[in-house]
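Results of the structural survey
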Amino acid sequence: MNRRSFLERSATVASAFAAGITLKPARGLLAQIAPAGNPLRFPAAFAGGMLAVEPRQLEIWPGRQTNVFAVNGSVPGPTIRVRKGADFEAHVMNMLSEPLVIHWHGILAPAHLDGHPRDSVAAGQSYMVKFPVNQRAGTYWYHSHTDLLTGKQAYLGVAGAFIVEDPAEAALGLPTGDHDVILIIADKRPDAGGQLPYAPTMMEIATGFLGEAVLVNGTPDAYLPVDQGLYRLRLINASNARVYKLGLSDERPFHLIANDAGLLPKPAQVTSFLLPPGGRAELLMNFTAYSQGTSVKLVSHPYAAPGGGGGHGGGSGGMIMGPVQGMELDVLRFDVDRSAQTVPLVPANLVAFTPHDAMQAKRTRAFTLGVSHLDKHQINGATFDAQRVDLTVPKGDLEIWEFKDTTNEFHPMHPHGAHFQVMERSGTPVIPPEDTGWKDTVLVGANETVKVLIKFESYEGIFVNHCHNLEHEDDGMMQNLEIKSDAVVEPSGPSLAIEHMGNMLHLSWPMSAEGYQLQSRSSLDHMSEWQPVTQVPEMIGDRMVLVIEGNSPAHFYRLARL
Ligand code: C2O
Ligand code: CU
Ligand code: CU
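All of these numbers come straight from a predicted model, not from anything done at the bench.

**Quick notes on the nonpolar core**
- If you look at the biggest cluster of nonpolar residues, it comprises 43 residues, and the most contacted ones within it are I80, F88, W104, F131 and F162.
- Sequence-distant contacts of F162, defined by excluding residues within four places in its chain, comprise I80, V82, F88, W104, I107, V133, G138, T139, Y140, W141 and Y142.
- Judged by nonpolar contacts, the second largest core, of 33 residues, contains L246, L248, L275 and L329.

Next comes the structure, spelled out in structure tokens:
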């Protein structure tokens, strides 16, 4: 504890005594002993108006100034809270010296406000966001989604919580106020000077960029004083690549009550669960059994991680170079320091929903997660190009999406524009509690196949589907999908290759692609229509090639079957 907070605490105790308030002995005692670590910080509530992203120096590690990208002056950014049915409105200001766009993860937003990588604004520019929030209560979040810069910007702090509230949830009597705690978890790798250099190597792109300093709400070595009551913990994994196996240090069970997109039908009792980057979980944690003056930690238990073939710190018999996936980590220490006034019960039932019926699925789509011969991350053999539309999905059709890993790494897959349900994992419909309920990010394990049931019901337009390992995402494990009401489902077309050469675009496709037409449109909004590209391509070898001069980044291209 530094001198200032020590003085503050002493002052609090002194004035409490002066005011004649009796403190319980345990609390009085604790107030005089400096607990190790740093008290958990809490970002401010977003009061509307500006979300200004700017370079800042913040004291993350006591006594050090760290260069970060703050949102309204803090890391994480302010907590957005919206009641279901209300509008969300913000003025996003880019005060960085690079492009920026913010995505509202798990929030169903119109395509042009969803934070598509192609929609970033230049340094010094700003944009307005306004749309109605019409979805289940839950713990959602926001973060940078800038083309090729998502990993860096999110790592430096462009992220925050986005909470949606609704009457169904309010009726449950879950813990509120200071017993409803948001925990934004992100691992960092500070250098000796407390800075956060971000320059992943090839190996770190393969595994993802991992750190061993776990920050909770931007707090290293965080602790939270709690009473002996029941707490609602809302966990957001804002890490670039780390998958946590969360549980208590004493392995005591607790209840999982919500996954990514809202409450489960019933609480599930667990002792640990996996939380991949991008994912959220809500827990009910009961501290009744702990006596005052004791502590228990939320930890990431060790587990056998994929990618044994190398990567950062991997390799059999090789030197351990740094933090690895699956290592044991402390996340947050709870100091039980007082009795609870009342302890609400864990409700037997939460919020029911009708599960999708796989029998009603109109089709199955396969998404093969792989790498190219140059080790670029791909989906279905293609590396992301922000200007190429890879697939069209009819709005309102139930589909089975099958994610299949071939890379022997983790891939937390996250389509924008819809929530889904996990149907099977590794060929079995028996799925762990963290895969139940409504999801928007699903962990695909090494060489695993995961099937989900998904239906895009909200907005038409162009959205992305990507891996939420942010190094994989920036490396190209992402695709553009178009949601369209009257879409004719085309078999996946032959791949359109796009090369960017300065202000020129080289488009090429196999000559064998007969019956396909090159089309373009001028924005991701559904108001813009696909038009055939009239410029005549050249035949070079076995490919058709078209060079577009004066490329407009707002234009999208696709090959469509006529
Ligand atoms: Cu949280 Cu497209 O991501
Ligand atoms: Cu998202
Ligand atoms: Cu991945």
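Here the narrative resumes.
**Describing the packing of aromatic side chains**
- For the coordinates displayed, the defined rule picks out 18 aromatic pairs.
- Seen in terms of ring centroids, Y155 and Y198 are 5.5 Å apart; in terms of plane orientation they differ by 40°. Their pairing is tilted. Of this pair, Y155 sits in helix α3 (residues 150-155) while Y198 is found in the loop between β10 (180-188) and α5 (202-207), placing the two residues 43 residues apart along the sequence. Taken as a pair, Y155 and Y198 share a single burial class, namely buried.
- Through a chain of ring-to-ring contacts, the aromatic side chains of F88, W104, F131, Y142 and F162 assemble into a single cluster.
- Positioned above the aromatic ring of Y290, the side-chain terminus of R252 is 4.6 Å from the ring centre.

**Here we look at the pattern of salt bridges**
- Enumeration according to the criterion identifies 32 salt bridges in this entry.
- Of the charged contacts, one joins E448 and R425 as a salt bridge, the two residues approaching to 2.8 Å between their closest N and O atoms. Placement of E448 in the loop between β28 (442-444) and β29 (449-455) and of R425 in strand β27 (residues 420-425) is noted, with a sequence separation of 23 residues between them. In this pair, the class of E448 matches that of R425, namely buried.
- Within this structure, E169, D180, R232, R234 and E282 form a network of salt bridges that share partners.

Procedures and definitions
- Residues numbered from 1 in each chain as written.
- Chains lettered and ligands numbered in written order.
- Predicted model: local features only at pLDDT ≥ 70, side-chain atom pairs only at ≥ 80, totals over all residues.
- Heavy atoms only, no water.
- Core = buried A, V, L, I, M, F, W, Y, C linked by side-chain atoms within 4.5 Å.
- Buried < 20%, exposed > 50% of the residue type's maximum accessible area, 1.4 Å probe, protein only.
- Contact = heavy atoms within 4.5 Å.
- Phe/Tyr/Trp six-rings, centres within 6.5 Å; stacked < 30°, edge-to-face > 60°.
- Helix = DSSP H or I, 4+ residues; strand = E, 2+ residues; numbered from the N terminus.
- Lys NZ or Arg CZ within 6 Å of the ring centre and 35° of its normal.
- Salt bridge = Lys/Arg side-chain N within 4 Å of Asp/Glu carboxyl O.

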